[in-house]
Each structure stands twice: as C-alpha cells, then as structure tokens.
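For reference, the chains in residue letters:
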Protein chains: 2
Amino acid sequence: MGDFNQSVILEAIRRSVEGLSRIELVEATGLSAQTVTNITRRLLDDGVIAEAGRTINGPGKPRVTLRLVAESRVAVGVHLDPAVITVVLLDIAGTVLRRRAVRPDDRDPRAVIGMMAGAIDELIAEAGIDRARVAGIGVAAPGPLDAERGTVIDPPKLDGWNRVPLRAVLAEATGLPVAVEKDTTAAAVGETWTGSGAVDDSFLFVYLGTGIGTSLVREGDAVRGSSHNFGEVGHIMVDPDGPPCACGSRGCVEVVCTPQAIVERAERRGILDGDRRASDMHAVEERFTQLSERAEAGEAPAVEVIEQAAHALAVLISVLTDVLDVDRVVLGGPFWDRVSGIYLREIPGELRRRSATREVHEIPVSGTVIGDDVGAVGAACVVLDLALTPRASDLYLER
Amino acid sequence: MGDFNQSVILEAIRRSVEGLSRIELVEATGLSAQTVTNITRRLLDDGVIAEAGRTINGPGKPRVTLRLVAESRVAVGVHLDPAVITVVLLDIAGTVLRRRAVRPDDRDPRAVIGMMAGAIDELIAEAGIDRARVAGIGVAAPGPLDAERGTVIDPPKLDGWNRVPLRAVLAEATGLPVAVEKDTTAAAVGETWTGSGAVDDSFLFVYLGTGIGTSLVREGDAVRGSSHNFGEVGHIMVDPDGPPCACGSRGCVEVVCTPQAIVERAERRGILDGDRRASDMHAVEERFTQLSERAEAGEAPAVEVIEQAAHALAVLISVLTDVLDVDRVVLGGPFWDRVSGIYLREIPGELRRRSATREVHEIPVSGTVIGDDVGAVGAACVVLDLALTPRASDLYLER
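If you're wondering where the values come from, they're calculated on a predicted model, not measured in any experiment. (Residues numbered from 1 in each chain as written. Chains lettered and ligands numbered in written order. Predicted model: local features only at pLDDT ≥ 70, side-chain atom pairs only at ≥ 80, totals over all residues.)

### Description of the overall build of chain A
Looking only at helices and strands, chain A has twelve helices and 15 strands in total. The C-alpha radius of gyration of chain A comes to 22 Å, within 12% of the 21 Å expected for a compact globule of 399 residues. Dimensions of chain A, computed from C-alpha atoms along their principal axes, come out at roughly 75 × 55 × 40 Å. (Helix = DSSP H or I, 4+ residues; strand = E, 2+ residues; numbered from the N terminus. Rg over C-alpha atoms; globule rule 2.2 N^0.38 Å.)

### Structural notes on the relation of the copies chain B and chain A
Under the fitted operation, chain B is carried onto chain A by 0.1 Å of movement along the axis and a turn of 180°, and the coordinates agree to an RMSD of 0.1 Å. Taken together, the rotation and translation describe the operation of a two-fold axis. Within chain B, the C-alpha atom positioned nearest to the axis of rotation is that of B:Pro240, 2.3 Å from it. Comparing interface residues between copies, 100% of those in chain B also sit at the interface in chain A, which points to an isologous, same-surface contact. (Least-squares fit on C-alpha atoms with pLDDT ≥ 70 in both. Contact = placed C-beta atoms within 7 Å.)

### Some words on the sheet that holds strand β15 (residues 365-367) of chain B
Residues and elements named next belong to chain B. Spatial ordering of the open sheet is given by β13-β12-β11-β14-β15, a layout of five strands whose pairing is mixed. Every other strand in the sheet has two partners, leaving β13 (221-223) and β15 as the edge strands with one partner each. Taken over all neighbouring pairs, the strand axes of this sheet differ in orientation by 30° on average, direction set aside. In this sheet, strand β14 (residues 328-332) lies alongside strand β11 (residues 203-208) in parallel orientation, the contact comprising five bridges. If you follow Phe205 over to β14, its bridge partner there is Val330. Running at roughly 45° to strand β12 (residues 212-218), helix α6 (residues 183-193) makes contact with β11, β12, β13 and β14 of the sheet. Packing against the sheet, helix α10 (residues 300-324) makes contact with β11, β12 and β14, and its axis sits at approximately 155° to β11. (Pairing = 2+ DSSP bridges. Axes fitted to C-alpha atoms, helices over the stretch in contact; angles between N-to-C directions.)

### Details of the packing of helix α2 (residues 22-29) of chain A against helix α3 (residues 33-45) of chain A
Residue and element names in this part refer to chain A. Contact geometry for α2 and α3: axes closest at 9 Å, N-to-C directions at 120°. When the axis of α2 is compared with that of α3, the two are oblique. In the crossing of α2 with α3, the sense of the turn from one axis to the other is right-handed. For the pair α2 and α3, the contacting residues are Arg22, Leu25 and Val26 in the first and Ala33, Val36, Thr37 and Thr40 in the second. Each residue belonging to the contact of α2 with α3 can be placed in one class, and the counts come to four nonpolar, two polar and one charged. (Parallel < 35°, antiparallel > 145°, perpendicular 65-115°, else oblique. Left-handed = near helix turned anticlockwise from the far one by under 90°. Nonpolar A, V, L, I, M, F, W, Y, C, P; charged D, E, K, R; others polar.)

### Concerning the domain arrangement of chain A
In terms of domains, chain A is made up of domain 1 (2-68), domain 2 (72-190 + 374-388) and domain 3 (198-367). A C-alpha centroid distance of 43 Å is found between domain 1 of chain A and domain 3 of chain A. (Domains from an automatic or database assignment.)

### Here we look at the interface of chain B and chain A
Taken together, the contacts link 35 residues of chain B with 35 residues of chain A. Looking at which element gives the most residues to the side of chain B that touches chain A, the answer is α10(B), with five residues. Of the residues belonging to the side of chain B that touches chain A, the class tally is 15 nonpolar, eleven polar and nine charged.

### What to know about helix α11 (residues 336-354) of chain A
Residues and elements named next belong to chain A. Between its terminal C-alpha atoms α11 stretches only 22 Å, short of the 27 Å expected from 19 residues at 1.5 Å a residue. Along α11, the helix axis deviates most sharply at Ile342, where the bend reaches about 50°. Listed in full, the buried residues belonging to α11 are Trp336, Arg338, Val339, Tyr343, Glu346, Ile347 and Leu351. (Expected span 1.5 Å × (residues − 1). Bend = angle between axes of the 7 residues up to and from the residue. Buried ≥ 20, exposed ≤ 12 C-beta atoms within 10 Å, placed from the backbone.)

### Structural notes on helix α4 (residues 109-126) of chain B
Residues and elements named next belong to chain B. Across its 18 residues, α4 extends 26 Å between first and last C-alpha, which sits within 8% of the 26 Å expected from 1.5 Å per residue. Listed in full, the buried residues belonging to α4 are Pro109, Val112, Ile113, Met116, Ala117, Ile120 and Ile124. Looking straight down α4, one finds that the buried residues subtend no more than 140° of arc, so they occupy a single side. Residues Ala111, Ala125 and Glu126 are exposed on α4 and point more than 90 degrees away from its buried face. Where the residues of α4 are buried, they touch β4 (74-80), β5 (85-91), β7 (134-141) and α5 (166-174). (Arc of directions from axis to C-beta.)

### Description of unusual backbone geometry
Geometrically, the link from A:Gly143 to A:Pro144 is a cis peptide bond, its omega value of -5° lying close to zero. The phi dihedral of B:Arg163 falls on the positive side, at around 55°, and the residue is not glycine. Positionally, B:Arg163 belongs in the loop between β9 (151-152) and α5.

### Some remarks on the sheet that holds strand β5 (residues 85-91) of chain A
All names here are of chain A. With respect to topology, five strands assemble into an open sheet ordered β6-β5-β4-β7-β10, the strand pairing being mixed. With one partner strand each, in any of the chains shown, β6 (96-102) and β10 (178-182) form the two edges of the open sheet. Geometrically, the sheet is characterised by an average inter-axis angle of 20° between neighbouring strands, direction not taken into account. Here strand β7 (residues 134-141) runs beside β10; their pairing, made up of five bridges, is parallel. Bridge assignment links Val139 to a residue of β10, and that residue is Val180.

### Regarding the pairing of β5(A)
All names here are of chain A. Taken across its seven residues, β5 has seven buried, putting it largely inside the fold. Residue alternation in β5 divides its side chains into two sets, Ile85, Val87, Leu89 and Asp91 and Thr86, Val88 and Leu90, and both sets are buried. With seven bridges connecting them, strand β4 (residues 74-80) and β5 associate as antiparallel partners. Looking at β5, one finds that Leu80 is bridged to Ile85. Hairpin connection of β4 to β5: four residues between the antiparallel strands. Two successive antiparallel strands, β5 and β6, enclose a turn made up of four residues, where Gly94 displays a positive phi of approximately 90°.

### A short note on the environment of A:Ala12
Residues and elements named next belong to chain A. Here Ala12 shows up in helix α1 (residues 2-15). C-beta crowding within 10 Å serves as the criterion here: with 19 such atoms nearby, Ala12 is assigned to the partly exposed category. Expressed as a C-alpha distance, the spacing of Ala12 and Arg67, which sit 55 residues apart in the sequence, is 9.9 Å.

### Looking at the packing of α4(B) against α5(B)
Geometrically, a packed helix pair is captured by the angle between its two axes and the distance between the axes. Residue and element names in this part refer to chain B. The interhelical angle for the contact between α4 and α5, taken along N-to-C directions, is 45°, at an axis separation of 10 Å. When the axes of α4 and α5 are compared, the pair comes out oblique. Seen from above, α4 lies across α5 with right-handed handedness. Every residue of α5 that contacts α4 at Arg110, Ile113, Gly114, Met116, Ala117, Ile120 and Asp121 is listed here: Leu166, Val169, Leu170, Ala173 and Thr174. Class assignment for the residues of the contact of α4 with α5 results in eight nonpolar, two polar and two charged.

Now the structure itself:
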C-alpha cells in the first residue's frame, strides 16, 4: 500500500493552497502518524516536497508546513489534433510553464512526429530544465488507439495515419518515456487534475475538437474502457433529418455536430460562401471562427446555425447522461471557446427537457476550467498521474 | 478490512465446485493463514460454511475441505415487470429453490405490492424456511428510480406508478428488509453472480423486457451511476426512418425495438391483425410470442420483421459498445428467449461492421446464462451481495 499512501499524501499536499503540516496530513488522509512521517521523509529526500515554514499554535512543538516543490518534476503534454499540434510543459502543481502551437504543413505521420519531437526539445531547452527532471511525454491523440502498442489506428480526421506506432517513434526521437492517451480521456484527466469539482464526483466530458468525443470521470477517476477507447460517439444519431453519413445512416454526430458539419450547414444556407476545398482543416477552422464570431455579434442566420448545432449536441449529451447517469457535464476542447456563449445558453434547458432522470436530479452543465489547451494539459496530467500515483496502469510507458 | 476479507473468502468458496481447504484459501486469496483461520472459524460458527470432508495429501495433517452451506441463508427476488411479476427464492449458492409468476389484473400499485407480498409469504412457507434465515427481498423494478428513498418514479410502461414508495410499502407488508434495484442492473448482477465470465471482465447487458434497458459490469462490478439510474436507452435513435416518438424525435429504441413496437410493425404490415387494445400488455406479449414462433418456423414476413428488429438493436448495441468499450455483450430479459435464434444470427455481424474499435478487438455477443427469470434471480443476488459482501452500499435496505 506504500505507493498508494504516498499518492494520497501528495494529492492532499497538492490540493492544499498553503501546504499542510504532518498533523494536518494525518487528519486529512486518515493515515497513521508513523506512515505520514515515513512517507514525507522519503518525499523530502527526493526533493518532491519541501518544508515551507513553521507555525506555532499553542504549546508544544511548532508545526512544519510541507508544500509541493512544483518544479521538482515536469511533464510534457502534446495534443495531436488534425488542425494543430499543441505542446505544453507542466510542473507537478499543474502550472503551464511553456506552451507552443505548431501547424504542420506536411501530413506524413513521421514528419509530424519529427516536428513534435523538435518542438518538445526546444520547449525543454528554453525553459532551462534538466531532462532528468522530465517525468515523460503524454500525447493526446484521436481514437481509436491500440493502447497496448501505443499505436494510432485510423482516426477519421487524420489522413494517412494508419497504424502509426506513435509512442515508439516519439520515444525513439526524444529519448523520453511516452504515454499515448485518447484526446478525450486526456482532457478529462486534465479537468480532474486541475480540480474544478469535488475529488470524488462523476462527470461527462464533451470534447469539441475536429471530431466530437466524450469521456467519463467516475468518482474522481477517468474511465478508460476495456481497450482504452471509451467514448466514441461519432455515429450516434442526433437528427433524423440530418445529412447522410458514411456509416450508412443519417444525422450522426459526425455529420451534424463537428466544426466541419456546422461550416457545411452554413455554406449550404449561403451564410458562408461554398468556395473551400472539402478536406482543408485550416479552412474549416477559419470559417468556423468566422461563423461563431458573427453569431456572437448577433447576426441572426449565424446564430440560428450555432443554436441548431447546440440543440443537436444536447441530444447527444442527453443520450449519454441517460446511459451514464453522471452528476454533471463539462464541455471543452479546442473549438469550445468559440461557441461557449450560445451553447451554455441553449444546452442546459434542452438537456433538462430530455433527461430520463429529470424527476430525480438536475444535471448542471459548465465549460472546462482549462481552456483550449485542455488536450495538451490533460496529456501532461496523464504523465503526472503515472509518475505520482499508482492508480493508472504503466502499460503504455516506454522509453 | 475484516468484512472485505470475509467476502473474498466466501466468494472463493462459493465459486469452487468441490469446496476449498484453508491452505487452498490462503493460496487463492493471498490472505494470511491466521486471517483465513479466524474468518472461517466465524463462518463455521454462523453455519454459513461447513466442513465437507478431509483429504490426506502426503505427510502432515489431513486437509479439511470447507464448503458453503447453501441453505444457511436465502434471498427473495422479485421482478416487477408491467406484464408479469416473478418471485424466486434463492439460496446463497445461487440455486433457485422456488419460483412463481403472477399476472396482476388490478393495476393499482398498492394492490400489486400486496399481491407481491402474498406471493413472497407463500413461497417462504411452502419451502419450509425459517424467516430468520431470509436475508431480505430484492425487487427489480423499471427505472427511473429514486434509489435513496426506494421509490419508483414514473416508468413509461407502468401505468399509475408515480412516486410509489415500493421499498417502504413492501417492507411494511412483509416485515423483511427490502432492496430496490433497477431491473437492468439486477439482471447484470445476476449474470455476474451466477458466473458465466471471468471474475473481472467487463460486459454490457442488454435487457429485453416490456421496455429495453441496459446495464454495465466493469471489472466484475455492476456500475450503478450517480443516482442508481445507469442505462436508460429508450430515446437513443436507431432508425432515422422509424415511427415518431413521444419525445419529439423519430425512430427511438422505445418505438422501434420494444416488443410492443415490433408487434405494431407486424400489425402495420398485415402479418398480425390490428384488432388489439393498444395498452393491453398481455395481448402484446401473446402476439409477440406468436410472431416470434412464426419467425422461428421460417415464415418469411415474420422473419423479416424480427430481423429488422435485430438490426435496429444492433445499432443500439454499437452505440453503447462504442461509448462504453466493453469486452463482450450479453443479451437477456423476459422477452429474450423468444427471439434469441434470429438475434444471435443477425447481431454479431452487424455489430462488427459498425464498431469503432473493430480494428482493435472483437466484441463477442451471447445470450444470458440465467434465462427468462434473470430479473428476479438478479434481484435476489443483489440481496445476497448486500448480505455477503461489503461492495455495495447498504443505502437501500430498510426493515
């Protein structure tokens, strides 16, 4: 139980703003004074925590406050999105030390991974951090994944990525341990780690990226599923009158709720001109930004398109909350910020109307606390999780 | 940890066919010899286990085999289905001692609960069992439920059941502790308890009752959700060309996959005559039986209707396996047996074609090991779980 107790202590110290004394740790964790003393001694020796000061509180020995040494370990987080690759450097307090976004022109997976490795090396060098203090690299990638091999299988939006051994290639290129996680799961881990809600609550994370994905945190832990592919929702029908989908059905999330689908709807209605190469992700992103800005400014046809997208997403969310029975819903991902105003106005009421458990409990809806970088930050948190807690499997770390 | 260790030991003994010796228990559980000795002594004193024989295996003391005293505790399981109420009496080995099915004519909830209590009392008396040995009554009821209060809220198919305090009324009527669980969750617990798969595997249970529901077992434990209402799937769209649904959408599970929806489709096509009171559940059941018998006999139009229902259910199952990422799928419930032939022929291929993780792993589909009584048997297993293991909350037991 040693590792588990250590993680409990680190978690308590990490979550306290001012640090905690050993006696406070005993109270907070329920561990024995002896266990707390032994573990904190080890952590002090390793430089992961430090003595932050003494408080005198009545008679007896003064209490020594222990705090996390935030910079004692760092983790790299990478978000591999079809449109943009985001790299962040996080310390163990969860603070983003550095950040960089790169837009690869070359679509070849090896070239993209090379670019990723270059950006990581530069970021570590610029921050002046000893590589020995880098716990590892977490990569948030679109599913499905072969988690055991660290392989990206064939994500619908990543052209040319077919069974790419991302983990092995990036580990080879950087000489650092690499963990590959689904983008949506990474985002949920990030949301938990940076700690918006209660430690043990359950929430659905709805991820708005180039594709739409979801993840689940149950009693504080991300649920990964049998093959680490939890949360594929692209072919859930949300609009029986929607456009046809490659799966043979109609009105799936994939062809209704994604940025590309929303842009296409606006193009069909003449709100955006139709002069765009269908597969150009950068053009989709630009147009999505333009459309959401016009909607934010109150331009009625643009508002209507975004509202319809919000209602379709509410159908998806109600399907998932009916199945999963969670306490709350969090929305985030790289495209979230641009539509958050209208989505947060439209979705909660629609969800309440549809919920099978509306007579039992409310399901609050909110935006992520992390922002657009939730995928990259979350990927770094996956590494911190692996490094600091015994909770997750170390199955997919490789040096 | 005492209770937990006790449950581990009981589980090991329960799952062994021939019983286990103390030394075998030490090997199987990883507990210390002293702990095994202490706990088995207590269980012997309580009459829950007994010495079953001695084996001499080389030099040294002969080994005493310990086995469960199956009849030392019994549990009552009740399945409240809109069409039929099934009551079973289970011993702790999971064997059904007695079974009774009653079809209430009176729809009034109090009258139905009174009938339930009468059937329970008769079953216990007929079996000649001392009421002190009855661990409790488990009731499997359609959701949504208010689990904290043991209240049935307003299930779509149970007319007149609106915030009925089922647990309190039945506990009052019988003088026994009562646990109320969602029918689908109870079925999954029953499937786990009677042990078809590995102890720690993850499966989706698809429940074919008057309504369609689902439940999830993850690493051997039923997932109940934040408010014990996991698995509501009635308004997941499975056929964009399906009939309109009360929810405002089209082609939901509720209007496509339920026995009533299937019977209505056959009526619309003239395969069954349309002369039926819409709300008559018994008539729906009779007609569903007739239709499935004609399909089993190879009558083409009937086969086609059942095949279409199977394909629609495969859409639902693929939605859920894409989201939940499980090892396998189990189908069961009171209407399962009648369509199992065609469903098991049609669903696996369709699921493979649709699965987002088809490149990562296969998802086997099979029928329940328990049979039509899976709801009632599962409800009794919920009580055995509560009585024998500390895993589940005792939140919803009330005497």
